[in-house]
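# A structural walkthrough
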Amino acid sequence: MLSKMRTSSTPVQLLALDQKVMEAFVRDLGWPMYRSEQILRWLYQGRVRNIDEMTDLSLTDRRQLESVATIARAQQQSVVAAEDGTRKILLTLEDGQIVESVLIPEGNRLTLCLSTQIGCTLDCRFCLTARMGLKRNLKAHEIVDQVLTAQDYLTPGQQLTNVVLMGMGEPLANFDAVADAVTRMTNRRWGLGVPPRRITLSTAGLATRIKDVATLGINLAVSLNATTEPLRARLMPTASRLHSLKSLLAACRRYPLPPHRRLTFEYVLLSGVNDHPDDAVRLGKFLNGMRCKINLIPFNEFPGSGFTRPSDAAVAGFQAELRRRGFDVFVRKSRGRDVLGACGQLGRLPSAPRLVALTRSETDC
Ligand code: SAH
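Just so it is clear, the model here is predicted, and its values are computed rather than measured.

### What to know about unusual backbone geometry
- With a phi close to 50°, Arg-47 is a non-glycine residue in the positive phi region.
- In this fold, Arg-47 is placed in the loop between helix 3 (34-44) and helix 4 (59-68).
- A positive phi is found at His-260, a non-glycine position, where the angle reads about 65°.
- Within the element layout of this structure, His-260 appears in the loop between helix 10 (245-254) and strand 12 (263-269).

### A closer look at the nonpolar core
- In this structure, Leu-14, Phe-25, Met-54, Leu-65 and Leu-287 are the most contacted members of the largest nonpolar core, which totals 89 residues.
- For this core, the element with the highest residue contribution is helix 6 (residues 175-186), accounting for seven residues.
- In terms of nonpolar packing, the next biggest core, distinct from the first, is built from 18 residues, Leu-122, Ala-239, Val-268 and Phe-307 among them.

### Here we look at the site of the ligand
- Taken together, 18 residues are adjacent to the ligand, and Phe-126, Ser-202, Ser-223, Asn-300 and Gly-344 come closest.
- Between an oxygen atom of the ligand and a side-chain N or O atom of Ser-202, the distance comes to 2.6 Å.
- Interatomic distance of 3.5 Å between a backbone N/O atom of Thr-203 and an oxygen atom of the ligand.
- Here the ligand loses 96% of its free accessible area of 530 Å² to cover by the protein chains.
- For the shell around the ligand, the secondary structure elements donating two or more residues are strand 10 (199-203) and strand 12.

### Points about the packing of aromatic side chains
- Counted according to the given criterion, the structure contains four aromatic pairs.
- Between Phe-299 and Phe-307, the ring centres sit 5.9 Å apart and the planes meet at 75°, which makes this aromatic pair edge-to-face. The same class applies to Phe-299 and to Phe-307, which are both buried.
- Among the aromatic side chains, those forming a connected cluster through ring pairs are Phe-299, Phe-302 and Phe-307.
- When the ring centre of Trp-31 is taken as origin, the NZ or CZ atom of Arg-35, which lies over that ring, is 5.3 Å away.

### Thoughts on the packing of helix 5 (residues 140-152) against helix 6
- Look at helix 5 against helix 6: their axes get within 8 Å of each other, and the N-to-C directions meet at 40°. When the axis of helix 5 is compared with that of helix 6, the two are oblique. Here helix 5 runs over helix 6; the crossing is right-handed. Counting all contacts with helix 5, which are made through Ala-140, His-141, Ile-143, Val-144 and Val-147, the residues of helix 6 involved are Ala-177, Val-178, Asp-180, Ala-181, Arg-184 and Met-185.
- When its residues are assigned to classes, the contact of helix 5 with helix 6 shows eight nonpolar, one polar and two charged.

### Describing the pairing of strand 6 (residues 109-113)
- Judged by how many residues are buried, strand 6 sits mostly within the fold: four of five residues are covered.
- Inspection of the sheet shows strand 5 (residues 98-106) paired to strand 6 by five bridges, in the antiparallel sense. Across the sheet, Pro-105 pairs through a bridge with Leu-110, a residue of strand 6.
- Turn length for the strand 5-strand 6 hairpin, with the two strands adjacent in sequence and antiparallel, is two residues, and the turn residue Gly-107 shows positive phi of about 55°.
- Here three bridges tie strand 6 to strand 9 (residues 162-165), and the two strands are oriented parallel to one another. Paired with Leu-112 across the strands is Val-163, a residue of strand 9.

### Remarks on helix 6
- An ideal rise of 1.5 Å per residue puts 16 Å on twelve residues; helix 6 measures up with 16 Å between its terminal C-alpha atoms.
- For helix 6, the tally of buried residues reaches ten of twelve residues, placing the bulk of the element in the interior.
- Buried within helix 6 we find Phe-175, Ala-177, Val-178, Ala-179, Asp-180, Ala-181, Val-182, Arg-184, Met-185 and Thr-186.

Cut-offs and rules
- Residues numbered from 1 in each chain as written.
- Predicted model: local features only at pLDDT ≥ 70, side-chain atom pairs only at ≥ 80, totals over all residues.
- Heavy atoms only, no water.
- Helix = DSSP H or I, 4+ residues; strand = E, 2+ residues; numbered from the N terminus.
- Core = buried A, V, L, I, M, F, W, Y, C linked by side-chain atoms within 4.5 Å.
- Buried < 20%, exposed > 50% of the residue type's maximum accessible area, 1.4 Å probe, protein only.
- Near = heavy atom within 4 Å.
- Polar contact = N/O pair within 3.5 Å; in protein donor to acceptor, adjacent residues only side chain to side chain.
- Areas by Shrake-Rupley, 256 points an atom, 1.4 Å probe, with all protein chains shown as cover.
- Phe/Tyr/Trp six-rings, centres within 6.5 Å; stacked < 30°, edge-to-face > 60°.
- Lys NZ or Arg CZ within 6 Å of the ring centre and 35° of its normal.
- Axes fitted to C-alpha atoms, helices over the stretch in contact; angles between N-to-C directions.
- Parallel < 35°, antiparallel > 145°, perpendicular 65-115°, else oblique.
- Left-handed = near helix turned anticlockwise from the far one by under 90°.
- Contact = heavy atoms within 4.5 Å.
- Nonpolar A, V, L, I, M, F, W, Y, C, P; charged D, E, K, R; others polar.
- Pairing = 2+ DSSP bridges.
- Expected span 1.5 Å × (residues − 1).

Set out below in C-alpha cells:
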C-alpha cells in the first residue's frame, strides 16, 4: 500500500487519505491500528500543518512519518472582508487553481459556504461561476481544507454553526468527493464533529442523484428558479436538459426526508423574468403538500449578466403570494455583495478600491 501511495520522490499527502486508506497506511508502517485515528485527529481536530506537532507520537515515530509523508494544506491566498462582516477566503491549491469560500456571520450564526468544484459543470445564465466553465472537481481534502482554513480565522470561543455546500460548483456532479468530505466533517471521534443537520447541500437539480444526499444525513436544497419548462431551459440550460422540472419535482416528492426535516427550495428572483405573481402561484402549486420551506434569492447582479434584481417591493409581493398559500418563505439576505461573495458571484476577484485585503497574520487573534 505504502509503495502504491508513494514514489521515491513524492511523499504521501496525509490529508488526501480517507479513513480506510489511512488505516492501510498505518498498517504498512507496522504501527498499531489506533495510530490511524490519532493522526486523523491531529489533521482535523488539531489542524496541524506539521507532523512534528503530533506530540502524542514519539519523536522516533514522528521522524519515521516525516520521512514518508507530509501535510500539504492549501496555501491561503487572501481574505477579502466585505462591509457587512462577510469574509471571502481564497485558497490556492496544489495546481495553482484558486478556490473560494465565504464566511458569513449573522446574529449568533456563523455559516461557511463551501465550493465543490473550480468553476462549474453547469451553465446557469444568472450565475457568474458558470462563466468560468468547469476547471476541475475538488478533491475531498480540498473541500475540507476550506473548513480548516476558515476555522483558523475564528476567534477563541467562536464556532461555525452551519456549513452550506453552495459555493462554486454543482456538488452532485462531484458526489464521491463531497460524500467523503462530509464524512470527515461530521465524524465525531476524529473528524470535525459538525452535526449533519447543520450541513446543507444545494443542487441545481440532478434529479437521479438527489436520493444519495439522504445517505449522508445532511439537508437538501434544490434550486428551482423557474416554474415552466421553457423558462427553466432558458435560465438553466444544462440542468434542464438533464432533467425536466417535472422529473425533478417527482424526485423531490420521493426523497426520503427524515422526520422533523424539510426540503429547501431556492428561487433566484430575476426582475421581469420569473418574478410575476403567476410564477408565485405556479410555484405554490408545484410544492403543494411538500414538507418544505422556500428561500427567495433576489438576483445578485454582476456586469454583463443581462438580468436585474427586482425591487424590494416586488420581492415582498412574491413572498406574500406564497405565504398566503401557507408556505414558510424567507428572503435570503445578500451578504458580501461588495466583494462578489454573494450567491452566484464567486469566481472573479473584486477590484473595488474600498475592499480590504487582509493577510493571515492581520486577522489572527
Ligand atoms: N450548483 C448548486 C450550488 C451553487 S449555487 C445550485 O445550483 O444549487 C447556490 C445558489 O445560488 C443556487 O440556488 C443558485 O440558483 C443561486 N444563484 C446563482 N447565481 C445567483 C445570482 N447571481 N444571484 C442570486 N442567486 C444566485
